[in-house]
Amino acid sequence: MVTASVVKELREKTGAGMMDCKKVLTETNGDIEKAIELLRERGIAKAAKKSDRIAAEGIVAAYVTEDGKIGTVVEVNSETDFVGKNEEFRNFVAEIAEQIAKENPANLEELLEQKSIKETSKTVKEVLTEKIATIGENLSIRRFERFESNGLVEKYIHGDGKIGVLVELENSNRELAKDICMQIAAAKPEYLDRNSVPQERVEKEMEILKVQAMNEGKPAEIAEKMVQGRIGKFYGEICLIEQAFVKDPDIKISKLLEEKGAKIVRFVRFEKGEGIEKKEENFAEEVMNQLK
C-alpha cells in the first residue's frame, strides 16, 4: 500500500503531480528511486531534485592563508539556527577552520585529538565539549576539506555561512578565483569535467533520455541520436567547466579559463545540513511537554 507520506516525499523530490506520483509508486511497489526514474522517463519530472528543507543548523566557514597556498572549509552543526548566529559559536568555527589549515589533520578523529591552536592546554575535543556546555546545545564538527597548492587557493562563503566553497587553480589571480567560487556556489556543479563523471551515472542518464525519446514516438535509431544531442545538456548542468558563466551566460567556464590562461585543479562545495534528515518538531507539543 502506498501511503500519503511517501506520495508527499516523491512530490517534494520531483515536483510532479499527486496523481502521477501515486501511480508510479503503485507501479514500483513504493520504491521511490524507481518511481523517480519512471517519472523522468515519461517526461513528467525533468530531474530528481532534493527537498529544499535543509536538515541541520550551524554554519560553514572557510580559511585561506595570506599567500593563498593553503585553504580549508568546514561545517559545524548545531541544534538551532539561533546558535548559528551566536558570536562565540561563529568564532569557534572560524578557529576550527584555521586549525585545520595549520595542523593538517588527516580526518575528524585526528582533528579532535589535536591540541587547540587557540587554547594550547586543551584538545579540540575538550574545547568543543566546553562550547557545548556554555552554549547549551549539542555541537558537531561534521566535515572538512583542506587544499594545499603551488598555485592559488580561494574561498567564498555565501548566505552568512549557508554555503562554503573552496577552489584550487593554476595560473590564476584572486579576481578570477573569486568568480569561480561564486560560480560554484550559485550553479552547484557536481564534477569538474566529463572525465570526472562516473560512467554508471552517464549510462543511467542516457538510458533515461532514450526512454524519454522513445516515449515521444521516435524509433530506436532516432532516439539514439537524440540522446547524443541531449547528453550535452546533462554535462552542462553538472560539470563546472561546461557550465555557462553566471556573470556572462554567453560564454562557458572552459572558454573563460582559456582566455585567462588558467586551470581549475579541484573544488569543493559545502551546503549547511545537506544530506541530513531534520527532526520535525511540533512547537505546541514541545511547550506542553515542558510545562508538565
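Keep in mind the model is a prediction, meaning the values are calculated, not measured.

1. Structural notes on the environment of Ile100
Mapped onto the fold, Ile100 is located in helix H5 (residues 87-103). Residue Ile100 is classed as buried on the basis of its relative accessible area, which comes to 0%. Once residues lying within four places of it in the same chain are set aside, the contact partners of Ile100 are Thr72, Val74, Pro105, Leu111, Phe144 and Arg146.

2. Section: the packing of helix H1 (residues 4-14) against helix H2 (residues 18-27)
Interaxial distance between H1 and H2 falls to 9 Å at its minimum, and their mutual angle equals 115 degrees. Judged on the interaxial angle alone, H2 and H1 are roughly perpendicular. The handedness of the crossing between H1 and H2 is right-handed. When H1 is examined against H2, the residues Val6, Val7, Leu10, Arg11 and Thr14 are found in contact with a partner set consisting of Met18, Cys21, Lys22, Val24 and Leu25. When the residues that make up the contact of H1 with H2 are grouped by side-chain class, the tally is 7 nonpolar, 1 polar and 2 charged.

3. Concerning unusual backbone geometry
Residue Asn29 is not a glycine yet carries a positive backbone phi of 55 degrees. Mapped onto the secondary structure, Asn29 falls in the loop between H2 and helix H3 (32-41). If you check the backbone angles, Asn171 has positive phi at about 55 degrees while not being a glycine. Inspection of the secondary structure puts Asn171 in the loop between strand S5 (163-170) and helix H8 (174-187). The exposed category is assigned to Asn171, whose relative accessible area is 63%.

4. A closer look at the pairing of strand S4 (residues 152-158)
Pairing geometry for S4 and S5, over 7 bridges, is antiparallel. The residue of S5 that forms the bridge with Lys155 is Leu166.

5. So, the sheet that holds strand S3 (residues 140-148)
The 3 strands are arranged S1-S2-S3 in an open sheet whose pairing can be described as antiparallel. Among the strands making up the open sheet, the edge pair consists of strand S1 (57-64) and S3. Across the sheet, the mean angle from the axis of one strand to that of its neighbour is 10 degrees, orientation sign disregarded. In this sheet, strand S2 (residues 70-78) lies alongside S1 in antiparallel orientation, the contact comprising 8 bridges. For Ala61, the partnering residue across the bridge sits in S2 and is Val74. Taken strand by strand, H5 contacts S1, S2 and S3, and its axis lies near 140 degrees from that of S2.

6. Topic: the pattern of salt bridges
On inspection of all chains with the given rule, the structure shows 22 salt bridges. A salt bridge links Lys272 to Glu57; its shortest N-O distance comes to 3.5 Å. Taken as a pair, Lys272 in the loop between strand S8 (263-271) and helix H12 (283-291) and Glu57 in strand S1 lie far apart in primary sequence, 215 residues in all. Side by side, Lys272 and Glu57 carry an identical accessibility label, which is buried. A salt bridge links Arg143 to Glu274, with the nearest nitrogen and oxygen atoms 2.8 Å apart. Taken together, the positions of Arg143 in strand S3 and Glu274 in the loop between S8 and H12 put the pair 131 residues apart, joining distant regions of the chain. Overall, the relative accessible area of 28% leaves Glu274 in the partly exposed class. Because the salt bridges share partners, they merge into one network encompassing Glu75, Arg142, Arg143 and Glu274.

7. Quick notes on the environment of Ser196
Position of Ser196 among the secondary structure elements: in the loop between H8 and helix H9 (199-215). Since its relative accessible area comes to 34%, Ser196 is described here as partly exposed. Taking the C-alpha atoms as reference points, Ser196 and Arg269, separated by 73 residues in sequence, lie 16 Å from one another. Reaching out from Ser196, the side chain makes a polar contact with the side chain of Asp193 at a distance of 2.7 Å.

8. Some details on a negative patch on the surface
Taken together, the side chains of Asp248, Asp250, Glu258 and Glu259 present a region of like negative charge at the surface. Of note, Glu259 is situated in helix H11 (residues 253-260). The exposure class assigned to Glu259 is exposed, which follows from its relative accessible area of 52%.

9. Concerning the pairing of S1
A large share of S1 lies buried, amounting to 7 of its 8 residues. Counting the residues between successive antiparallel strands, the hairpin from S1 to S2 contains 5 residues, one of them, Gly68, with a positive phi of roughly 70 degrees.

10. Quick notes on the nonpolar core
As a rule of thumb, soluble globular proteins bury nonpolar side chains together. The biggest cluster of nonpolar side chains holds 22 residues, and the ones touching the most others in it are Val167, Ile180 and Ile264. Elements with a contribution of two residues or more to this core: S4, S5, H8, H11 and S8. Here the element with the most residues in this core is H8; it accounts for 6 residues. If sequence neighbours within four positions are ignored, Val167 has contacts with Phe147, Leu152, Val153, Glu154, Ala177, Ile180, Cys181, Ile184, Ile264, Arg266 and Phe267. With 19 residues, the next largest nonpolar core counts Ile59, Val93, Leu128 and Ile135 among its residues.

Rules behind the numbers
- Residues numbered from 1 in each chain as written.
- Predicted model: local features only at pLDDT ≥ 70, side-chain atom pairs only at ≥ 80, totals over all residues.
- Heavy atoms only, no water.
- Helix = DSSP H or I, 4+ residues; strand = E, 2+ residues; numbered from the N terminus.
- Buried < 20%, exposed > 50% of the residue type's maximum accessible area, 1.4 Å probe, protein only.
- Contact = heavy atoms within 4.5 Å.
- Axes fitted to C-alpha atoms, helices over the stretch in contact; angles between N-to-C directions.
- Parallel < 35°, antiparallel > 145°, perpendicular 65-115°, else oblique.
- Left-handed = near helix turned anticlockwise from the far one by under 90°.
- Nonpolar A, V, L, I, M, F, W, Y, C, P; charged D, E, K, R; others polar.
- Pairing = 2+ DSSP bridges.
- Salt bridge = Lys/Arg side-chain N within 4 Å of Asp/Glu carboxyl O.
- Polar contact = N/O pair within 3.5 Å; in protein donor to acceptor, adjacent residues only side chain to side chain.
- Patch = residues over 30% accessible without salt bridge, like charges linked within 9 Å, V, L, I, M, F, W, Y side chains within 5 Å.
- Areas by Shrake-Rupley, 256 points an atom, 1.4 Å probe, with all protein chains shown as cover.
- Lys, Arg positive; Asp, Glu negative; His and termini not counted.
- Charge placed at Lys NZ, Arg CZ, Asp CG, Glu CD.
- Core = buried A, V, L, I, M, F, W, Y, C linked by side-chain atoms within 4.5 Å.

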